Amino acid sequence: MTTKIDPEKTFTDVPENFSSESQLTAVTISNNSAGIIFDSLADVEFALRVYNGEAKVAAPTSSHANQNEFLDNLDQQGGGIGVAFGLLAIDKQRQGRDFVGSIMAEAKSTLAGHSIYCRDFDYDGMGSNFMKTTVKIKALKGKFVLGLNAACVGNKPELDLAKLLQRPLAIASVWIELSMSVVDDYWYNTNLRDVFAAPVTFVEAKNTEFWERLAEILAMRDDSHYNSTPWKYGFTFRQRIGIKHPLHRRDGTIVAMAKARGLNLTGSSWNVYSNEHEPEEQKLYLLFSLDGDYEKGYAVDQDERAALELLTQETAVLLLKQVK
C-alpha cells in the first residue's frame, strides 16, 4: 500500500473491476450448541445443582473439582474430570430457597404438555447462581437438552458445565468459515463457483445461473437458504451459504458495500469498527444442519452428531485444498 487513506471516507461504492480475485486463506469450523444432552430429568436436576453450587463432581483419580473453581473458570479446570461422578453435598435450602427444586417443579409441569421449558432469571435469581441467567430444558428426540445462557458470557456456562460433567452437546448447526484475501488494498472479489463447486451438492449448482443468482442474493442480504443435500451417511442435511456484511454509513443511511459481478461476490474488506479502518479479510460461511424444521434439525443422538461432523470434516478437506 503506497498511500494511506481512510477507506470509510474515500469510497462510496464498490469498484467495477479488480486486478485479481480473492483466494481462500483459512478454513475454520465451529459448532453451534443446542444444549447439554441428558437421559432423564433427574440428570438435568443434578447438573443444575452443580451449576448452583449445591452439588460437587468427583473424578475417579486424585483430580477433584470444587464448586468455587468451577464457577471461576470452568473451561480451565473441567478437562481433568472423569466420567465417574457423584453427589457429594446438596443444600436444598440455599438461603432459604430451593431454586433448583422450583425450576424442576415448573419444568416438569410445563414439559407434561409442551416440548420446551424456559425461565429467565433476573434479580429474582439473587441468592443463587441463576441471577441474570436463562434456563431452557427441551424434551427432544427421547432426550432432555439443557441450555444455560448468562448475561455477558452467553452460553459459556453451558459449554463449561458440559465439559465438567463429561456430557455431549446437541448440535444446532455447524459453521465452516472461509477467509478471503484482500485485493486492491481494501476489497474482496470472490468467484463463488470456484470456491464452492467441489463441496456444495445442490443440484442447481451445475448451472452458471445458480452462481450468478447466489452472488446477487448475498450482495443484497446476509444469508441465503437452499434445498437439502442428497441422502448421505443415513441422513439428509440442510446447507446454507452466507456472508455477514460490515455496515457503512452513507448519506445518513446504513448500507452494506457489496455487489454481484457475474459469478463473483465483491465488497468492502476493511475494519469498519476501528478508528484506523485497516484492511481486514472478509469471511464467507457454509452452514450445515440436519434437514428438518426448527429443533427437528438438531443433532441429538450419537449417529446424528457423528454424521453431521463427518460431513463437515469431509467438506472442510475439500475447501482446505484451495487455501493459498
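Here the structure is a predicted model, which is why all the values come from computation and not from measurement.

Criteria and thresholds
Residues numbered from 1 in each chain as written. Predicted model: local features only at pLDDT ≥ 70, side-chain atom pairs only at ≥ 80, totals over all residues. Heavy atoms only, no water. Axes fitted to C-alpha atoms, helices over the stretch in contact; angles between N-to-C directions. Helix = DSSP H or I, 4+ residues; strand = E, 2+ residues; numbered from the N terminus. Parallel < 35°, antiparallel > 145°, perpendicular 65-115°, else oblique. Left-handed = near helix turned anticlockwise from the far one by under 90°. Contact = heavy atoms within 4.5 Å. Nonpolar A, V, L, I, M, F, W, Y, C, P; charged D, E, K, R; others polar. Core = buried A, V, L, I, M, F, W, Y, C linked by side-chain atoms within 4.5 Å. Buried < 20%, exposed > 50% of the residue type's maximum accessible area, 1.4 Å probe, protein only. Pairing = 2+ DSSP bridges.

J.: Help me understand the packing of helix α2 (residues 41-51) against helix α5 (residues 156-165), please; the structure alone is not making it clear to me.
T.: A pair of packed helices is characterised by two quantities: the angle between their axes and the separation of those axes. The N-to-C vectors of α2 and α5 enclose an angle of 110°; their axes lie 11 Å apart at closest approach. With respect to α5, the axis of α2 lies roughly perpendicular. Considering the relative orientation of α2 and α5, their crossing is right-handed. The residues of α5 that touch α2, namely those facing Phe46, Ala47, Val50 and Tyr51, are Pro157, Leu161, Leu164 and Leu165. Residue composition of the contact of α2 with α5, grouped by class: eight nonpolar, no polar and no charged.

J.: Can you walk me through the nonpolar core in this structure?
T.: Side chains of nonpolar character tend, in soluble globular proteins, to be buried together. Of all hydrophobic cores here, the largest spans 35 residues; its most connected members are Leu178, Leu192, Phe196, Trp211, Leu218, Leu265 and Leu284. For this core, the leading source of residues is helix α7 (residues 208-220), giving six residues. Judged by nonpolar contacts, the second largest core, of 29 residues, contains Phe121, Phe130, Leu148 and Leu164.

J.: Quick question: what am I supposed to make of the pairing of strand β5 (residues 133-140) here?
T.: A regular strand places its side chains on the two faces of the sheet in alternate fashion. Across six bridges, the pairing between strand β4 (residues 116-121) and β5 is antiparallel. Considered in β5, the bridge of Asp120 is made with Thr134. With eight bridges joining them, β5 and strand β6 (residues 143-150) adopt antiparallel strand pairing. Bridge assignment links Thr133 to a residue of β6, and that residue is Ala150. Here β5 hands over to β6 after two residues, with Lys141 in that stretch at a positive phi of 55°.

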